[in-house]
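Inside the fold
Now for the letters of each chain:
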Amino acid sequence: MHHHRVIVVGSGFGGICTGARLREAAIDDFVLLERADAVGGVWRDNTYPGCACDVQSHLYSLSFAPKPDWSRAYAPQAEIRRYLEGCVDRFGLQPHLRLGHEVHEARWDDEAKRWEVETSHGLFTGDVLVAAVGALSDPAIPQLPGLERFAGKAMHSARWDHGYDLRGKRVAVIGTGASANQFLPVIQREVQRLLLFQRTPAWVLPRHDRTIAPALQRIYRAFPPAQRLVRGLVYLTREALAVGFLQPWILRRAQRLATRNIARSIGDPALREKLTPRYRMGCKRILLSDDYYPALAQPNVEVVTDAIREIHAHSIVDAAGTEHEVDCIVFGTGFHVTDLPFARQVRGREGRTLAAAWAGSPKAYLGTTVAGFPNLFLLLGPNTGTGHTSVVTMIESQVDHLLGALRHLDTQNLAAVEPRAEVQADFVREMDRRSEGTVWTSGGCESWYLDRTGRNSTLWPGFTFSFKRRVERFDPADYRGIPERRR
Ligand code: NAP
């Protein structure tokens, strides 16, 4: 058995940021438990063709770990993954990493006042548990009738099989989210025939990606304030978008731009009609792409808008009864977000799992801590997602909160803290109130932002600087202190 001051689960942006900041705070007694055999989180798992960040890399990186030589405005996946691996070395996290350690269960021991974490390599105990497991880490594959009978190749975008050659194949893509939007234009060039099964079209704006000239990279390296300035400008431009989410009329102009984007790329009026969303822009994630529509206009592509009725061994039958022969199905069908599997593995003070406490509608104080779950800190927990900017900024604020809590535990000689139930309930009410009238709840779409009760339990309904102001400071008045166990 191993005991540590802090156990961090996950080694994506959240885990690495936590590790780096713990080391900076001279807290060295921690481990990063990672179920995979490498670090990187979603940037390790998503290797689909064309995978790249849709937030500019100057911003989509840790504020305290700039990378002056990003190759493109929107860095490709492999470069972001290398960046994260570089951060592990840069911040001396290697000795803290426990790769191939899958967490089976984490339970709060109220006697010992500590977390017991069962892993594939035995038991770990920790004073504090940080769940940096990511909100988009567990792929969701819909239970389509007959799927188990499909005899061709089936894969999810986040588990791409690069050993499977798509050339000359008839490929069905299911889904039109941010992932499909990126891989579809790349695979369209290789496959014999591509069928896009579209349930809901996305609003897509031009991305305007570009390479960052080596001369500019040298300037950023020699003169870091220049990169900080660019980061600041990107940050402010993105924050301006948040106004649009909260005041939907502002997004109307962007919606006109997106409509023109369809008209410019798609000549066929029937296809244009299919691709034009019927909900207000912003209700689902706004996608950025320069090649999605041009790819859909190619002669080897068909957009099927009839629902999928069933799957046969070599075909997909749609609701209109048409049978489409396919060799491969690619699921761009997203992730378990509001039904995060990790929530079923964490048991709090009363033995209840987080999933049971949430009952389908995740709730946490400041998206970070949960009443009944002492010394548990969630990174990118409920209401911390953003539809407009980099979630890395949210993670950094949450890690500040964690460090504040650790200082408080030390100075007050406490075993644990947990948010007061009434403080958490007030916060949740505030989230609900502030989500009312936003485009996410009133835009006329169904999205993974809303949980099965219809609440927005994923996105922060505001600016990221207001999140930072609220979350970075740990206020002991909001918490119940649990004294050290008498020895
Ligand atoms: P997603 O946005 O959840 O999209 C899933 C898609 O699958 C939707 O179009 C959905 O249709 C469709 N779908 C699900 N079940 C279906 C069914 N039974 N039949 C037909 N269609 C079905 O997933 P994602 O594209 O993987 O993106 C998830 C999130 O990951 C994004 O929103 C974003 O936050 C993140 N992401 C980020 C980047 C980046 O560049 N930073 C890239 C990729 C992903 P409906 O719309 O009708 O529900």
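Residues numbered from 1 in each chain as written. Predicted model: local features only at pLDDT ≥ 70, side-chain atom pairs only at ≥ 80, totals over all residues. Heavy atoms only, no water.

1. Quick look at the environment of T276
By the secondary structure assignment, T276 is in the loop between α8 (269-275) and β11 (287-288). Sequence separation between T276 and W203 is 73 residues, and the spatial gap between their C-alpha atoms is 7.6 Å. Of note is the side chain of T276, whose polar atom sits 2.6 Å from the backbone oxygen of R272. (Helix = DSSP H or I, 4+ residues; strand = E, 2+ residues; numbered from the N terminus. Polar contact = N/O pair within 3.5 Å; in protein donor to acceptor, adjacent residues only side chain to side chain.)

2. What about helix α1 (residues 13-24)?
The first and last C-alpha atoms of α1 sit 16 Å apart over twelve residues, in line with the 16 Å expected at 1.5 Å per residue. Taking burial as the measure, the twelve residues of α1 include ten buried ones, the bulk of the element. Inspection of α1 places F13, G14, G15, I16, C17, T18, G19, A20, R21 and L22 among the buried residues, and these make up the whole buried set. Contact partners of the buried residues in α1: β1 (2-9), β2 (30-33), α2 (42-45), α3 (77-90), β6 (122-131) and α11 (392-412). (Expected span 1.5 Å × (residues − 1). Buried < 20%, exposed > 50% of the residue type's maximum accessible area, 1.4 Å probe, protein only. Contact = heavy atoms within 4.5 Å.)

3. A few points about the nonpolar core
Grouped together as the largest cluster of nonpolar side chains are 107 residues, with contacts concentrated most on F13, L62, V173, I187, L296 and L406. Ranked by the residues each element gives to this core, the list is headed by α11, at nine residues. With residues near it in sequence (within four places) discarded, V173 still touches A180, F183, L184, I187, L194, L195, L196, F197 and V330. (Core = buried A, V, L, I, M, F, W, Y, C linked by side-chain atoms within 4.5 Å.)

4. Remarks on unusual backbone geometry
Phi at L366 is positive, roughly 55 degrees, even though this residue is not glycine. Summarising the element assignment, L366 is placed in the loop between α10 (354-358) and β18 (376-378).

5. A short note on a positive patch on the surface
Together, R252, R253, R256, R260 and R264 make up a region of like positive charge exposed at the surface. Accessibility expressed as a relative area gives 60% for R264, which makes it exposed. (Patch = residues over 30% accessible without salt bridge, like charges linked within 9 Å, V, L, I, M, F, W, Y side chains within 5 Å. Areas by Shrake-Rupley, 256 points an atom, 1.4 Å probe, with all protein chains shown as cover. Salt bridge = Lys/Arg side-chain N within 4 Å of Asp/Glu carboxyl O. Lys, Arg positive; Asp, Glu negative; His and termini not counted. Charge placed at Lys NZ, Arg CZ, Asp CG, Glu CD.)

6. So, helix α7 (residues 251-265)
Over its 15 residues, α7 extends 21 Å from the first C-alpha to the last, a length consistent with the 21 Å expected when each residue adds 1.5 Å. Turning to α7, its buried residues are L251, A254, A258, N261 and I262. Summarising the axial view, the buried residues of α7 lie within an arc of 95 degrees, below the 170-degree limit, and thus occupy one face. Pointing more than 90 degrees away from the buried face of α7 are the exposed residues R252, R253, R256 and R264. (Arc of directions from axis to C-beta.)

7. Concerning the environment of L129
Assignment of secondary structure puts L129 in strand β6. C-alpha separation for the pair L129 and E116, spaced 13 residues apart in sequence, amounts to 9.3 Å. Discounting chain neighbours no more than four positions away, the residues touching L129 are I7, V9, A106, W115, V117, N375, L376 and F377.

8. Some remarks on the sheet that holds strand β9 (residues 193-197)
Read from one edge of the open sheet, five strands run β7-β16-β8-β9-β12, paired in parallel fashion. Every interior strand has two partners, whereas the edge strands, β7 (153-156) and β12 (301-304), have only one. Geometrically, the sheet is characterised by an average inter-axis angle of 20 degrees between neighbouring strands, direction not taken into account. Bridge analysis of strand β8 (residues 170-174) against β9 gives five bridges, and the strand direction is parallel. Opposite R170, over in β9, you have R193 as the bridge partner. (Pairing = 2+ DSSP bridges. Axes fitted to C-alpha atoms, helices over the stretch in contact; angles between N-to-C directions.)

9. A look at the sheet that holds strand β15 (residues 323-325)
The sheet built from three strands is open, its strands ordered β13-β14-β15 with antiparallel pairing. At either margin of the open sheet sits one strand with a lone partner, and together these are β13 (308-311) and β15. Across this sheet, the average inter-strand angle for adjacent strands is 25 degrees, counted without regard to direction. Here strand β14 (residues 315-318) pairs with β15 via three bridges, running antiparallel. Each bridged residue has a counterpart across the sheet, and for S315 the counterpart in β15 is E325.

10. Let's talk about the environment of A477
Within the secondary structure layout, A477 lies in the loop between α14 (464-471) and β20 (479-483). Looking at A477, the relative accessible area reads 53%, which means it is exposed. The spatial distance from the C-alpha of A477 to the C-alpha of V423 is 9.4 Å, given a sequence separation of 54 residues.

11. So, a nonpolar patch on the surface
Together, L216, I219 and F223 line one region of the surface with nonpolar side chains, adding up to about 270 Å² of accessible area. By the element assignment, I219 lies in helix α5 (residues 214-222). Under the relative-accessibility criterion, I219 is labelled partly exposed at 42%.

12. As for the site of the ligand
Neighbouring residues of the ligand: 23 residues in total, closest A52, D54, S179, T200 and K284. One of the backbone nitrogen or oxygen atoms of A178 is found 2.9 Å away from an oxygen atom of the ligand. Within the contact set of the ligand, an oxygen atom lies 2.4 Å away from a side-chain nitrogen or oxygen of T200. Summarising the interface, the protein chains cover 84% of the accessible area of the ligand, which totals 910 Å² for the free molecule. Per-element accounting of the shell around the ligand gives the leading share, three residues, to helix α4 (residues 178-188). Taken together, the residues of the shell around the ligand break down into ten nonpolar, nine polar and four charged. (Near = heavy atom within 4 Å. Nonpolar A, V, L, I, M, F, W, Y, C, P; charged D, E, K, R; others polar.)

13. Regarding the packing of α1 against α11
Contact pair α1 / α11: the axes reach a minimum separation of 10 Å and the direction vectors enclose 40 degrees. The angle between the axes of α1 and α11 places the two elements in the oblique class. α1 and α11 meet at a crossing whose hand is right-handed. Residues F13, G14, C17, T18, R21 and L22 of α1 lie in contact with α11, whose contacting residues are V392, I395, E396, V399, D400, L402, L403 and L406. (Parallel < 35°, antiparallel > 145°, perpendicular 65-115°, else oblique. Left-handed = near helix turned anticlockwise from the far one by under 90°.)

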